[in-house]
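# Fold and geometry: a report
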Amino acid sequence: MGAHMESLFEKASQSGGEKIKKIGLIVNPIAGMGGRVGLKGTDGWDIVEKAMKLGAKPWSEERAERMLRTLLPLLKEIKIFTYPGEMGENIAKKLGYDVEVIGKIEGERISAEDTRRAAREMTRKGCELILFVGGDGTTRDIYDAVGLSVPVIGVPAGVKMYSAVFATGPERCGELAVKYLRGMIKELQEREVMDIDEEKYRNGIFAVRLYGYLMVPYDKRYVIGGKSPTGISEKANQEAIAVDIIENMDDETYYILGPGTTTKMILKKMEVRYSLLGVDILYRRKVVGLDLNERDILRIITGKRTKIIISPLGGQGYLLGRGNQQISPSVIMSSGGKKSIIIVATQQKILNLEGKPFLVDTNDPLLDRQLSGWYRVITGYRERWMYRVEYG
Amino acid sequence: MGIVKLRKNFHQSKWDEPIIFELSTENERGIHVPPVERDIEESSGNLETLIPESIRRKQPPSLPEVAQLRVLRHYIRLSQEVLGVDVNIDIGQGTCTMKYSPKINEVLVRSRKVTEIHPLQPEDTVQGALEIIYNLDHILREISGFSRFVFQPGGGSQALYTMASIVYRYHQVKGNTHKDEIITTLLSHPSDAATAKVKGFKVIDIPPDQETGLPDMDAFREAISERTAGMIICNPEDTEIFNPHIKEMTSIIHEVGGICAYDQANANGLLGIVRSIDLGFDLGFYNLHKTFSSPHGCGGPGLGAVGVIKELESFLPIPVVDYDESGKKYYLNFDLPNTIGKVREFYGSFPVILRAYAWVRVLGEEGLREVAKVSIINNNYVMKKILNEVKGASISFPKTEYRVSQVRYSFKKLADEAGVTVEDVIRRITDFGFHLWTSHHPWIVPEPFTIEPTESYSKDDLDEYVEGLKTITQEAYENPERVKNAPFNSVIHKIQDMSFFEDPEKWAPTWRVYLRKHRNQEVRK
Amino acid sequence: MEERKRKVYPYIPNSYEDVQEEMLKEIGVKSFKELLDKIIPRELQYQGSLNLPKSFHSEYELKRFVEGVLSKNKTCEEYICFLGGGIWPHYVPAICDEIASRGEFLTAYAGEPYEDHGRWQALFEYESLMAELLDMDVVSIPIYSWGHAAGTSLRMSSRITGRKEVLVVDTISPERRKIVDNYMEPYIKIRWIKHDAESSQMDVDELKRELSDKVAAVYFENPSYLGLIETQGKEISEMAHEKGALVIVGIDPSSLGILEPPSHYGADIVCGELQPLGNHINFGGSLAGFVATRDDEKFVKEIPYRIFGIAHTTMPEEYGFGDVAFERTSFMVREAPSEAKEFVGTASALWGVVAGVYLSLMGPKGMQELGEGIVKRVNYAIKKLSQISGLKVPRFHSFHFKEFVVDFNSFTLSVEEINRRLLDYGIIGGIDLSKHFPELGNSALYCVTEIHTKEDIDKLYNALSEILGVN
């Protein structure tokens, strides 16, 4: 992961003040409409098209425009690479940007494959940043294409965004992009990409999993010299948390480690194997189970002293139920319930929630209620923030 | 009433002053050192016998050579490029308490009877100094209700460190090895947590209730355990919402055998109105360079005066100043059995002590109460004006209507609606001869800015400042680019390349490093 | 509180009724009481009175009173003062006083580099001037005192090496000893290294024995508290580095015109006291410490204080300033990877500005002449006093900078008594060392700087001769 960051810094600093900066733009014109309209069955797309023909303006384009307006100070310094028509060409040209259309849309409707191809092509062309307007689906598609190789910022245009790669709004996205392209932001953070099974979602079943991580510029809200502001680097924060946890581990306990970069930093620091996106179990400083499902977990921990170390995943602050369902009600109860849970989270993670609590949705309402309340969240070395967990 | 005039034509002094090294001219001398008399010269013989070659400096330091007037002019020009309280309506530096530092106090501290006395002189020869320290100690006891004050810490953070050390030593003496946790709040000063950690404590932060802005009491109760050694908090916190539950909090801490330390950085609105001891605190400190008017000096000298209840007196850093009734003189008492030792050499910044003392002697009880009263009135007046007239500004935790002596606002609305952030406003406001400051980390309030009027500014002054904010936000909605490209009339223009401060390959913390990395030069041949 | 004829205060513009009424109206309350009750619960408001001394109505009365109290002090100008021990009498140039009293510098605080550009530049220049004096690349903004800077340096070395022990020679100032003791607790263990009985320099044999791969750093002061110059710097550094420990040296900057800077004999971190550079004694109240390192990210990132750096702006040939790697400090970090990166706050910035002014005035020749002149005067003083039979001076046989130990053990009079009698001669004698260095017995630490004339020293000689009943 570290090597990626370095090559990105080189790219950023190489494109100094004079060279034209290349950025990618992907707009998903029907982002979020699927879930919102409550599509059922195969004629779902027709409904969307009908709604659009009736004059319903695609939400995405408006949001894309707002974002691109905020980017205007860099008009002469950037070149936008994008896909035809609604996928970005229209809006970028409308605002006067220097635009290069780099591909075409296969088939009649815009598909996930178009997004992926677009992102891959943008990377190939040397884009140093990709901006997109869309939802979790678009996020996932971009991740499939580029992984951690290029930084990305999203304008949220879906219904409920679980992924954590979005700026809080279109203007914020533009601002962040401006700062990054001007070299005012150096740090990139890995943020969760959450994959929603849309089919199940339309049938009222939440199936969300942690899919991967995208690199997002970390807005440190830099103020030169003031008495304070800006955050500690995410990585340093995670390392501090890991040191604390490791110091307090004992040899009698089995430690279940949930998915995510914060929890897995613990295993990384111990220099043992781990699965970033899955659930692992540690015992006596050795990994005794890697990327386990519920059954495997229960097999290992039943009857043993167990602690569950988890971190909220995604932009909504879900502690349980979105991305780590392997840690099921049975697992939790077998471990001993609320008192067996250790929550770790970086300060920035918590602050991003702007006061909203962590959420649990284990599918067992009684357990959810039991789990809610105040926790001592480990936010650093010998530092704890009291934070609330609620069922949602 | 006077006039309220926003300085639209203000232009700060901009001297484009070179770095002092660039003024260096070979052979110029700034000052001469007293020469050694002939007899001494003759008796000393060869310098080699006094300082052998092996430890003698071979190359003189590459300091600049500048004639006297040029040095003077250089620094006077730099001083003109600074906005101190003497020069501007400094209410925008919230939490810093930028109040008037009376000039008479400067006259007093420049007296030779202050500048030329040595701390290790026989006590008989410094009775004046000891008397003043003793008297200020007693004054602060009255104001706070604590039993004894020391003045050793050189600032608020060092005072916090002193208090953390006392808490640590207290439990050490009591054998409470299990007590290793300190409770503080997210809206207290970051040093509250930092200093506790220096002394080995684990820190538990209590977040604010999202509606009231007060520390969440449920979270607080959950955080308490038998491991709780104590609590170090501000009240009011930086949001200046006075915590009505404070006594409950201190009681809870006491019940588990912990002690309560009071970060009184925000004391300006409480003088004479609230006594620390009544709130249940066992120790606390005042910032003499804020609340008690000693000037800030670009960042010091400061002084955090630490006071404790009787039971904790033996833990204070030594020495304290006592009065010997029989001998009728003041003396330094080093005999504190459980002392934490020292946090700083000698007894504290005497000039700062003197200024604080003189300030209180002019005000007296009534004057101190007036200070608090006017701070509160000024603050709430400014708050109403800002909320009514400054577009895009909102208050943090609006559920609480009034605050003590400062307010933390938010420009989130401005940012969302006009795309102009608080940092843009900060830069633009310098074009009118003002400062504006955001907030301590962490930024719990988005796009924060903090205004603390204190008691030192008149209604017109306050109106002028608000007029400035109003003008800028209006401009933000109509012509955001202008705000974003500010400042125009300040001393320098924008720095855009932040890598100068973050990239180890580029950063230049001194002139020599700058020359080496960016000009491929040395300071001097 | 009754509303009798209220006083208007010059320090408080809005301290009269009309304007307060107007403002309260705008706030939306009828009286201050009403406002106050909405902010602070009545039961928490203090209802009693404060037993404070009566206030002075006028500035004149205040001045007269305070000056009356201060007149009880006897100063180092009225007496010839031979005290040092961590704060020393030096000449303060008029321009240093002038700049220290400039209202802008005096009353500024934490503005941005835009509107407070001058403050940033002045402090950047202080860093840069000190860098030349120390011959090191990075110097922090001033912190509370040398003692605190020493504590930080030791903690830094622990963070950098990951080790938990430090070795400190026992000839550091007794004040700093207490400060460092408190500051290391509870994370770091200090082991004290003896000094050589003859030279008072560090006992390097003991150092060798105590060094191990558990040691984060070795700290000594140069000159030491007892005035001696440590000449084994190179040797100490080699030994320490061989075991992977860092070398920290605490210095008196007034010595660096003539003495080798510690970076030349292996120091990794340098700390010290800025007071001698243009700041008055102020009863021990103008202390300012600093930490300096080389420009190595590993070190710079561990400095918990602010460091101002220079940058280019959007205009050509224009400079701007800002904080270097600001996220190091505690303002940024509410915790750190291994242990707290200490804390930072308002400390001693103005003294740093003044130190910069001083160094600008003195220049390389001034600092050299200062150092040489001091050493020669000290030598004269030692020679002169050694003429008093029974007096053992210098107590240690090595090289001195501006302080030296005078051994009175062959006399029955205590140092305390001697000093009392010296007052009658208009002299303030040296520091009584018997308490903190009991092995030295009845000894005193005398300080001589550029402010002492031959006449002053001769006066001391005469006075001591008479008091001790010799010659």
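See the structure printed just above.
Turning next to the overall build of chain C. Regarding its fold elements, chain C presents 14 helices and 14 strands. Its C-alpha atoms give chain C principal-axis dimensions of about 80 × 55 × 50 Å. In chain C, which comprises 471 residues, the share counted as buried stands at 71%. For chain C, the exposed area adds up to about 15,000 Å²; of that, 48% sits on carbon and sulfur atoms.

What chain B contains, in helices and strands, is 17 helices and 12 strands. Its C-alpha atoms give chain B a radius of gyration of 26 Å, near enough to 24 Å, the size a compact globule of 525 residues would have. Taking the principal axes of its C-alpha atoms as reference, chain B extends roughly 80 × 70 × 50 Å. A buried classification covers 71% of the 525 residues belonging to chain B. By element, 47% of the accessible surface of chain B is carried by carbon and sulfur atoms, the whole surface being about 15,600 Å². The positive charge centre, built from 61 side chains, and the negative charge centre, built from 73, are 3 Å apart in chain B.

Moving on, we get to the interface of chain B and chain A. Reports of interface size often rely on the accessible area that becomes lost once the parts have come together. At the interface, 44 residues of chain B touch 32 residues of chain A. Between chain B and chain A, the buried area comes to about 3,400 Å², and carbon and sulfur atoms account for 53% of it. Our count for the chain B to chain A interface comes out at 3 salt bridges. The salt bridge involving Glu383(A) is made with Lys197(B); its shortest N-O contact spans 3.4 Å. Applying the counting criterion to the chain B and chain A interface returns 11 residue pairs in polar contact (both at pLDDT 80 or more). Secondary structure elements with two or more residues in the side of chain B that touches chain A: strand S3 (202–206), helix H9 (217–223), helix H12 (412–418) and helix H16 (499–502) of chain B. Here the element with the most residues in the side of chain B that touches chain A is S3(B); it accounts for 5 residues. Pairing of strand S16 (residues 383–391) of chain A with S3(B) involves 3 bridges; the strand directions are parallel. Bridge pairing in S3(B) links Glu383(A) to Val203(B).

Here we take up the sheet that holds strand S4 (residues 129–134) of chain A. Residue and element names in this part refer to chain A. Strand order in the open sheet formed by 5 strands is S3-S2-S1-S4-S5, and the pairing between neighbours is parallel. The outermost strands of the open sheet, each flanked by one partner alone, are strand S3 (98–101) and strand S5 (152–156). Strand after strand, the sheet turns through a mean of 25° between neighbouring axes, direction not considered. Bridge analysis of strand S1 (residues 21–27) against strand S2 (residues 78–82) gives 5 bridges, and the strand direction is parallel. Opposite Lys21, over in S2, you have Ile78 as the bridge partner.

Attention now goes to a nonpolar patch on the surface. Together, Met1(B), Val8(C) and Tyr16(C) make up a nonpolar patch on the protein surface, roughly 330 Å² of accessible area in all. Counting through the fold element by element, Tyr16(C) comes out in the segment before helix H1 (17–27). Residue classification places Tyr16(C) among the partly exposed residues on the basis of a relative accessible area of 33%.

Of all 8 residues making up helix H13 (residues 422–429) of chain B, 8 are buried, and the element is well covered by its neighbours. All of the buried residues along H13(B) are Val422(B), Glu423(B), Asp424(B), Val425(B), Ile426(B), Arg427(B), Arg428(B) and Ile429(B).

Turning next to helix H17 (residues 511–519) of chain B. Listing the buried residues of H17(B) in full gives Trp511(B), Arg512(B), Val513(B), Tyr514(B) and Leu515(B). Along its buried surface, H17(B) packs onto helix H6 (117–134), strand S9 (308–312) and strand S10 (319–323) of chain C. A positive phi of about 55° marks Asn520(B), the residue just after H17(B).

Among the nonpolar cores identified, the biggest contains 356 residues, and Leu288(B), Leu469(B) and Phe408(C) are the most heavily contacted of them. Looking at this core, the element that brings in the most residues is helix H11 (residues 350–389) of chain B, giving 21 residues. Setting aside its immediate chain neighbours within four residues, Leu288(B) contacts Leu136(B), Leu140(B), Phe151(B), Ser293(B), Ser294(B), Leu303(B), Ala305(B), Val352(B), Ile353(B) and Ala356(B). Within the second largest apolar cluster, 41 residues are counted, among which are Val133(A), Ala157(A), Cys173(A) and Leu188(A).

So, how was this worked out
- Residues numbered from 1 in each chain as written.
- Chains lettered and ligands numbered in written order.
- Predicted model: local features only at pLDDT ≥ 70, side-chain atom pairs only at ≥ 80, totals over all residues.
- Heavy atoms only, no water.
- Helix = DSSP H or I, 4+ residues; strand = E, 2+ residues; numbered from the N terminus.
- Buried < 20%, exposed > 50% of the residue type's maximum accessible area, 1.4 Å probe, protein only.
- Areas by Shrake-Rupley, 256 points an atom, 1.4 Å probe, with all protein chains shown as cover.
- Rg over C-alpha atoms; globule rule 2.2 N^0.38 Å.
- Lys, Arg positive; Asp, Glu negative; His and termini not counted.
- Charge placed at Lys NZ, Arg CZ, Asp CG, Glu CD.
- Contact = heavy atoms within 4.5 Å.
- Buried area = accessible area lost by both parts, 1.4 Å probe.
- Salt bridge = Lys/Arg side-chain N within 4 Å of Asp/Glu carboxyl O.
- Polar contact = N/O pair within 3.5 Å; in protein donor to acceptor, adjacent residues only side chain to side chain.
- Pairing = 2+ DSSP bridges.
- Axes fitted to C-alpha atoms, helices over the stretch in contact; angles between N-to-C directions.
- Patch = residues over 30% accessible without salt bridge, like charges linked within 9 Å, V, L, I, M, F, W, Y side chains within 5 Å.
- Core = buried A, V, L, I, M, F, W, Y, C linked by side-chain atoms within 4.5 Å.

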